[in-house]
Amino acid sequence: MVVMKMKFPFQKRVQLAKGLWLLSLSATVAGALTFSLGCILKTELLRRAEVMDNSNIHVVPNTLMIVGLASLGINYFASKICQDALDAGQFPRWKNFLKPYFAISSFFTVLMLLAVIMSFAMTGSLEFSLKVGLRNGIRFYKDTDTPGRCFQKQNIDYLQMAFECCGNNDFRDWFEVQWISNRYLDFNSKEVKDRIKSNVDGRYLVDGVPFSCCNPTSPRPCIQYQLTNNTAHYNYDYQTEELNIYLRGCREALVNYYMGLMNTIGTAVLSVFLLQGSVLVSLRFLQTSMEAVAGQENTEIETEGYLLEKGVKETVMEFVDPLMKFLLFTNKVEEAGAILV
């Protein structure tokens with residue numbers, strides 16, 4: 001069953017070719033934009049790599065860069081096909097090229113849609129990666145003399161100041177780790193000895209936070225030590241007073257930032273996907289309407305164009321069957337090789 005059959009007089013074919021040429025140029029620019037957005041997202045993720053536990057989230061920018069580059073090639077050939085469609089004598093040379101062209105183009109267009117879906121659906125993976133990465137970053141904050149961790153303190157401090165956040169979940173995360181290096185502790189001090197002895201693991205834990213947690217917009221000088229001790233500060237109540245440090249955790253701040261960025265990019269790439277889909281659909285109509293002109297003396301006759309020569313299921317199986325046969329053949333070859341070995 002032919003899908004979406006339409007009649008194309010000569011003038012309509014010319015208009016379709018010209019319009020598609022402009023559309024393919026627009027899609028080329030959109031492809032370059034997609035690649036650029038992928039690069040921007042990749043760069044932003046790499047900037048905070050030290051507080052991310054894994055690189056699974058990089059599948060989104062990597063996919064965007066791949067489909068962006070593929071889109072440049074797809075739309076370049078689409079523009080060349082449109083130009084030759086205006087000359088009935090030139091168009092037949094594309095006949096053997098168009099079938100693999102549509103298969104490859106459809107694959108990358110679907111991949112673009114998957115990138116859009118992933119950009120909206122990666123919240124859980126991003127949050128888990130940041131949870132583990134930030135927890136490790138806070139734990140290694142004091143290790144300024146340890147190779148590979150020398151810049152961990154600097155990175156965490158810059159992060160907390162830039163995103164106006166403190167800790168992983170909140171500022172209390174700093175109470176659970178020793179974030180002051182032993183080299184800066186006076187082990188002759190009774191207070192230091194008592195704190196270390198009171199901890200099972202022998203760590204120096206304080207109810208304080210690094211300076212980078214201080215909120216500069218607070219009218220009160222920053223209180224970053226003895227946060228839970230009301231008697232240590234004048235006119236201070238830990239339970240009721242709004243503390244003059246950042247209350248939001250860095251995981252929440254980073255998830256909001258990156259998901260906002262990916263959602264914006266996803267919306268832009270969705271527009272590119274619709275544009276790319278329009279190019280492929282229009283090119284298919286142009287191809288099928290021009291095939292009827294081949295071999296005709298009068299090239300200005302009215303022809304019919306269609307989207308699919310068969311039903312959707314039959315068309316999909318036409319491409320899937322050869323692939324399945326190839327995979328089956330490959331599997332048999334591997335099994336034969338294993339038996340010989």
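The notes below deal with the structure included here.

The rules behind the values
- Residues numbered from 1 in each chain as written.
- Predicted model: local features only at pLDDT ≥ 70, side-chain atom pairs only at ≥ 80, totals over all residues.
- Heavy atoms only, no water.
- Disulfide = S-S within 2.5 Å.
- Helix = DSSP H or I, 4+ residues; strand = E, 2+ residues; numbered from the N terminus.
- Buried < 20%, exposed > 50% of the residue type's maximum accessible area, 1.4 Å probe, protein only.
- Phe/Tyr/Trp six-rings, centres within 6.5 Å; stacked < 30°, edge-to-face > 60°.
- Lys NZ or Arg CZ within 6 Å of the ring centre and 35° of its normal.
- Contact = heavy atoms within 4.5 Å.

1. Considerations on the state of the cysteines
Here is step 1: Enumeration according to the criterion identifies three disulfides in this entry.
Here is step 2: Between C165 and C250 runs a disulfide, and the two sulfur atoms are separated by 2.1 Å. With the S-S dihedral at roughly 90 degrees, the linkage between C165 and C250 falls on the right-handed side. Of this pair, C165 sits in the loop between helix 5 (152-162) and helix 6 (190-197) while C250 sits in helix 7 (residues 250-291); the two residues are 85 residues apart in sequence, bridging distant segments of the chain. Both residues of the pair, C165 and C250, belong to the buried class.
Here is step 3: Disulfide connectivity for the chain, with bonded cysteines indexed by sequence position, reads 1-6, 2-3, 4-5.

2. Observations regarding the packing of aromatic side chains
Here is step 1: For the structure shown, the criterion picks out 12 aromatic pairs.
Here is step 2: A ring pair is formed by Y141 and W179, whose centres lie 6.2 Å apart and whose planes are at 75 degrees; its orientation type is edge-to-face. Highlighted residues: Y141 in the loop between helix 4 (123-139) and helix 5 and W179 in the loop between helix 5 and helix 6, separated in sequence by 38 residues.
Here is step 3: Arranged with centres 5.9 Å apart and planes meeting at 70 degrees, the rings of F171 and F175 form a pair that is edge-to-face.
Here is step 4: Residue F171 is classed as buried on the basis of its relative accessible area of 4%.
Here is step 5: Within the aromatic cluster, the residues linked to one another by ring pairs are Y76, F77, F97, Y101 and F102.
Here is step 6: For R149, the ring lying beneath its charged end belongs to F140, and the centroid distance is 3.7 Å.
Here is step 7: The side chain of R284 reaches across the aromatic face of F102, ending 6.0 Å from its centre.

3. Let's talk about the environment of D170
Here is step 1: Considering the arrangement of structural elements, one finds D170 in the loop between helix 5 and helix 6.
Here is step 2: Sequence spacing of D170 and L247 is 77 residues, and the spatial spacing of their C-alpha atoms is 6.1 Å.
Here is step 3: Once you skip the residues sitting within four places of it in the chain, D170 turns out to touch L247 and G249.

Interpretation in functional terms is not warranted from these geometric data alone.
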